[in-house]
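Report on the structure
Residue-level listing of the chains:
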Amino acid sequence: LSACKTASAGSKPNADHTGVALCPAGRFSVGGATLCAECAVGKYSSSDGAVGCTAASTCGAGRYIKIPSTSTTDTECEDCAVGRASAGGLNTCGECTGEGEYSDETGLSACKTASAGSKPNADHTGVALCPAGRFSVGGATLCAECAVGKYSSSDGAVGCTAASTCGAGRYTKTPST
């Protein structure tokens, strides 16, 4: 009889203990074990004969988990679409539909905020200038209407101007709105 041998790292004794078999993908051995251990949740080994498991990727800012990792595959990440954003590590990207929010490019880690004189467009994928007669100081989903006696004559106004008043005995043909 020959001396017994120890299974090396990445392998285990075969069924009749006459040789060794490589640990299959998703399992590993550091050597000397009868069975190959399964990779823990969040770790994987994609090839046979693994001596350990690799930590699965985490999806960073501006990305989301498209397909979670398994014991044999790494996490598959994808960029957030226009109109969405993510700080990372999530299964989905959040919609940029909060007050004044929008996202006009893929892969954003946070929603953008509409600047003064503008508001998010209807699907929150960009901005539109406030039309004449309305204004925005920024961060708003809707443009506010100028108060009676005030006006804004151009698109993109950040405020309204007081209408001029006519002196005694004078009038204006077009009242301000």
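Scroll up to find the structure.
For every chain, the first residue of its written sequence is number 1, and the numbers climb from 1 along that sequence. Where totals are concerned, whole chains, interfaces and linings use all residues; where local detail is concerned, this predicted model gives features only for residues with pLDDT of at least 70, and gives and counts side-chain atom pairs only at 80 or more. Side-chain numbers here rest on the full set of heavy atoms in the structure, without hydrogens or water.

**So, the state of the cysteines**
Disulfides are defined as cysteine sulfur pairs within 2.5 Å. Taken as a whole and assessed by the stated rule, the structure comprises seven disulfides. Between C59 and C77 runs a disulfide, and the two sulfur atoms are separated by 2.0 Å. Across the S-S bond of C59 and C77 the torsion is about -90°, and the bridge reads as left-handed. Taken together, the residues span a long stretch of sequence, with C59 in the loop between strand 6 (54–55) and strand 7 (63–67) and C77 in strand 8 (residues 76–79) at a distance of 18 residues. What makes C59 buried here is its relative accessible area of 3%. When a residue's accessible area, from a 1.4 Å probe over protein chains only, is under 20% of the maximum for its type it is buried; when over 50% it is exposed; and in between it is partly exposed. C77 gets classed as buried once you look at its relative accessible area, which sits at 19%. In this model, C80 is linked to C93 through a disulfide, with the two sulfur atoms separated by 2.0 Å. Strands are runs of DSSP state E lasting at least two residues, helices are runs of H or I lasting at least four, and both sets are numbered from the N terminus onward.

**Examining the environment of L129**
Tracing the backbone through its elements, the reader meets L129 in strand 14 (residues 127–129). Throughout, a contact is declared for two residues whenever any of their heavy atoms are within 4.5 Å. In contact with L129, not counting residues within four places along its chain, are G117, S118, D155 and G156.

**Description of unusual backbone geometry**
Phi is positive for H17, which is not a glycine, with a value near 60°. Even without being glycine, H124 reaches a positive phi, approximately 60°. Structurally, H124 can be placed in the loop between strand 13 (118–120) and strand 14. We classify H124 as buried; its relative accessible area is 12%.

**Re the pattern of salt bridges**
Note on definitions: salt bridges are taken to be side-chain nitrogens of Lys or Arg within 4 Å of carboxyl oxygens of Asp or Glu. Counted according to the given criterion, the structure contains eight salt bridges. Put simply, E38 and R27 hold a salt bridge, and the shortest N to O gap is 3.9 Å. On the criterion of sequence distance, the pair formed by E38 in strand 4 (residues 37–38) and R27 in strand 3 (residues 27–28) is long-range, its members being 11 residues apart. Residues E78 and K66 are paired through a salt bridge, measuring 3.2 Å at the closest nitrogen-oxygen approach. Of this pair, E78 sits in strand 8 while K66 sits in strand 7; the two residues are 12 residues apart in sequence, bridging distant segments of the chain. Note on E78: relative accessible area 31%, which makes it partly exposed. Linked through salt bridges whose partners overlap, the residues forming this network are K66, E76 and E78.

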